[in-house]
Each structure stands twice: as structure tokens, then as C-alpha cells.
Amino acid sequence: MKQKHNFSTSLRGEHSETIASECSTKQSLRRTREIASSKRTPSVRSLLLAMTMMTAMTISGALFSGCDQPILSNYQEQLVVNSFIYANGAIDSVVLHRTTPFGDTFNDLNYAVDSAIIIVTTNGVADTVLRAPLKGRYYLPASKLIVKGGQTYMLTVTAPNWQTGGTHFATSTTTVPMPIHLDSLIESFRGQTIILDTNNLTNFAFLVTAGPVDEPNREYLISVTALDTTKGRIHVGGDSSQATTRYSQISTGPQIAITSRFFTWYGPSLLTFYAIDTNFADYQRQLSGGTDFQPSLNHINGGIGVFASAARDTVSFILKPKQ
């Protein structure tokens with residue numbers, strides 16, 4: 001039986017300490033959010049769907065891009081690394097791209113990076129990540145490695161630099177949170193039908209709790225994903241977004257309130273509760289923190305992007321309108 005790999009078709013990330021790159025990022029971040037809101041899937045791997053749209057870098061000359069200052073520096077190619085790994089799962093998606101020069105039209109195949117050597121190391125054991133059929137996508141099957149909570153994983157990437165003819169070398173580490181489980185109240189929703197009364201949304205709220213807590217500084221996140229958009233759009237407060245997934249703000253405790261704002265479509269839905277590592281949390285902060293790129297939130301040494309981990313538990317249910 002062939003193993004199915006869920007790889008994204010584009011990517012988002014950005015890093016430069018020059019005014020020029022920050023300026024270009026402001027524009028590409030706006031495009032990133034549009035793509036992310038329209039293509040998210042039940043997996044948080046979908047958070048990397050639009051990263052490359054954020055990787056417009058610098059161009060030469062005193063050109064303006066609608067920012068406060070001109071772009072004065074030359075484009076320098078950087079490696080964009082994107083991977084989310086989960087406790088008790090395989091490493092099924094490592095995505096590599098090179099940055100897109102400012103002003104160029106992004107094309108996934110043109111900027112995807114193949115012929116890279118990617119190694120994942122944990123407890124002194126190194127595994128070489130395999131190349132997938134789609135350019136720039138890599139994976140490590142469950143038969144080779146299952147991610148374990150509480151362990152630290154190091155990602156090492158060696159890839160050609162197309163601009164200079166040299167080599168990119170990027171590394172990142174993540175310590176995986178321990179597995180979590182939804183509480184019995186939320187478990188009771190599994191497979192059930194929930195009625196949404198759009199005329200009485202103030203009463204549509206409940207708390208989602210998961211545990212156990214593996215460390216006092218752990219942070220948490222919830223997503224709700226519509227699995228079928230043919231059942232009708234939920235129109236609340238003039239919201240016309242076509243997003244299929246909504247995310248909560250980061251929480252410092254394992255209890256997050258769910259309200260009607262998480263739901264945009266009737267039909268089958270998937271609620272996912274995440275315990276996230278620092279890399280994951282900082283990635284979320286970058287996405288929600290405005291259009292200015294924040295280098296301190298980047299945890300890829302020698303590149304940009306994200307290598308992050310989480311533990312997660314899910315519950316599916318059906319959302320129907322009140323008749």
C-alpha cells in the first residue's frame with residue numbers, strides 16, 4: 001500500500017535584517033494571510049501553505065514598494081524551511097523553498113528546492129529524510145521514525161544555493177510536547193450533531209480542556225476546520241470569509257473558550273486542541289503580529305521559516321442550523 005503524504009503547494013516565511021526585506025514582507029504578508037485563510041486544512045501543516053508568499057526579499061536600486069523607505073540592498077537568496085511534527089506521528093512533511101526576489105511572481109516549482117540532504121537526529125540517532133514525488137517536499141515514513149513526546153529533534157538541511165553556486169546549511173531543534181487528551185465533556189461531542197442558533201449566539205460558548213500539563217510554561221492553541229463546505233455558509237455579523245479553518249489565540253493554560261466565531265460553515269467539522277512548543281508559538285505570533293517580520297521569532301539557523309512541534313487531540317462533530 002502506498003503511503004499518502006500531505007504536502008502543501010506553497011510556503012511562507014521571511015528573514016532579513018535590512019529595511020528592504022522588512023518592506024517587502026509587509027506586502028507579501030498580506031498575500032500570505034489571504035492564501036492561508038482560503039486553503040487551510042484540518043492539519044496545522046496547512047499553516048505553511050503560503051509561507052513563500054512572504055519570502056520576497058530585496059532588489060537592487062532605490063525602488064519604492066509602498067513602504068516608508070526605499071529598497072536599497074541586493075537580493076540575497078535564503079533557504080525557507082517548513083515542517084511541523086506531532087507526538088505519536090511520522091514526519092510526513094518537510095517543505096523547502098528558496099526566497100523569491102522582490103518583484104518576481106512566485107511559482108512553486110521554480111522556487112521549490114530539490115536535491116537537498118535533510119537529516120533528523122534524536123538521541124544521537126540520525127535518519128535521512130526521503131524525497132517525495134512533488135518537488136521540494138520530503139518525508140520520513142512511520143516505519144523509520146515515530147515522533148515521541150518529551151524528546152528533542154534536530155533538523156539539518158544542506159541544499160544548493162542557486163544564486164551563488166554555493167551551499168545553504170540550516171539547522172533547527174524542537175522539543176516535542178507530551179501527548180494530550182481532550183476532557184470527557186468534549187469527548188462526548190464526538191460524532192454528535194450540534195445545533196447553531198444564529199439568533200442567539202451569546203449562549204453558544206463552551207470551554208475546551210485538555211491534559212495532562214507536561215510543563216508549567218506550556219502554551220496551547222485550538223483550531224476548528226470545516227470538512228465539507230457544501231452544507232452552507234454561516235453568516236454572522238457580516239463575516240464573508242471563505243476560510244475553512246479558524247484558530248484561537250495562544251493560551252497559557254490548557255483551557256480555551258470556543259464561541260460562534262470559530263464556525264464559518266455548516267456540516268462536519270473537526271476541532272483540534274494543540275499543546276505547542278516555543279517554535280510553534282513564535283510562528284503563530286509572527287502570523288498574528290502584524291506585517292512586520294520579527295527576526296527574534298525565527299528559529300531556523302542559517303535560513304528562515306519554521307520547524308516546530310506539538311501534541312494534539314481531535315474530535316469531530318456535525319454543525320447544523322436551527323430550523
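Residues numbered from 1 in each chain as written. Predicted model: local features only at pLDDT ≥ 70, side-chain atom pairs only at ≥ 80, totals over all residues. Heavy atoms only, no water.

Novice: So what's going on with the sheet that holds strand 3 (residues 117–122)? Residues and values would help.
Specialist: Ordered by their spatial adjacency, four strands build an open sheet running 4-3-7-8, and the pairing between neighbours is antiparallel. Lying at the two open borders of the sheet, with one neighbouring strand each, are strand 4 (125–128) and strand 8 (167–175). Going across the sheet, the axis of each strand differs from the next one's by a mean of 20 degrees, ignoring polarity. Pairing geometry for strand 3 and strand 4, over four bridges, is antiparallel. From the neighbouring strand, T122 faces strand 4, where its bridge partner is V125. (Pairing = 2+ DSSP bridges. Helix = DSSP H or I, 4+ residues; strand = E, 2+ residues; numbered from the N terminus. Axes fitted to C-alpha atoms, helices over the stretch in contact; angles between N-to-C directions.)

Novice: Explain the packing of aromatic side chains to me, and be specific about the residues and the numbers.
Specialist: Going through the model one piece at a time under the given rule, you end up with nine aromatic pairs. Relative to Y111, the ring of F106 has its centre 6.2 Å away and its plane inclined at 20 degrees; by these criteria the two rings are stacked. Each member of the pair, F106 together with Y111, is buried. Measuring from ring centre to ring centre gives 5.9 Å for Y220 and F273, while their planes differ by 55 degrees; the resulting arrangement is tilted. Here the residue Y220 occupies a position in strand 12 (residues 219–226), and F273 occupies one in strand 15 (residues 267–276), the gap between them amounting to 53 residues. According to the relative accessible area criterion, Y220 is buried, its value standing at 2%. Three or more aromatic residues link up through ring pairs in this structure, and these residues are F189, F204, F206, F263 and F317. Over the ring of F262 we find R261; its NZ or CZ atom is 4.3 Å from the centre of that ring. (Phe/Tyr/Trp six-rings, centres within 6.5 Å; stacked < 30°, edge-to-face > 60°. Buried < 20%, exposed > 50% of the residue type's maximum accessible area, 1.4 Å probe, protein only. Lys NZ or Arg CZ within 6 Å of the ring centre and 35° of its normal.)

Nothing here speaks to function; it is geometry throughout.
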